[in-house]
Amino acid sequence: MNFQVVIEHGPENLSAYVPDLPGCVVTGKTLDQIRDRMQKAIQLHIMGLIEDGEEVPTPGTHALTVSVPVQQYRAAIATRRKSVTPQSQDRSPRTPRAQKSKKR
């Protein structure tokens, strides 16, 4: 079976978990450490499930990598901000609609 592993970068280390195996978590300083530790953690997790008479879940998590042109977005926003001009000072302020008074 192949399980997806999610790896997150922390301020001082990496952490990883398997969404299909709740509680299966490791930390490490390098990707190699994460890979080695996660391999062992998944094996131990599955052995524990089997020993406890529980079903080993079928992997169901999928991952995608989506490429987004962030620099292009930043340039477009910067250009848009430069082209916006403050509202003209000549415009008269809007006045609220007169409220109708109800007579009793």
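Residues numbered from 1 in each chain as written. Predicted model: local features only at pLDDT ≥ 70, side-chain atom pairs only at ≥ 80, totals over all residues. Heavy atoms only, no water.

A. Molecular detail of the environment of Pro-22. Residue placement: Pro-22 occurs in the loop between strand E2 (14-17) and strand E3 (25-28). Residues Pro-22 and His-45, 23 residues apart in the sequence, show an inter-C-alpha distance of 9.4 Å. (Helix = DSSP H or I, 4+ residues; strand = E, 2+ residues; numbered from the N terminus.)

B. Local environment of helix H2 (residues 70-83). Its 14 residues give H2 an end-to-end C-alpha distance of 20 Å, which sits within 8% of 20 Å, the value for a rise of 1.5 Å per residue. Within H2, only zero of the 14 residues are buried, which leaves the element largely exposed. (Expected span 1.5 Å × (residues − 1). Buried < 20%, exposed > 50% of the residue type's maximum accessible area, 1.4 Å probe, protein only.)

C. Region of the structure containing the pattern of salt bridges. Enumeration according to the criterion identifies one salt bridge in this entry. Residue Arg-35 is joined to Asp-32 by a salt bridge in which the shortest nitrogen-to-oxygen separation is 2.8 Å. Linking Arg-35 with Asp-32, this pair stays in helix H1 (residues 31-51), spanning three residues, or about one helical turn. By relative accessible area, which is 52% here, Arg-35 ends up exposed. (Salt bridge = Lys/Arg side-chain N within 4 Å of Asp/Glu carboxyl O.)

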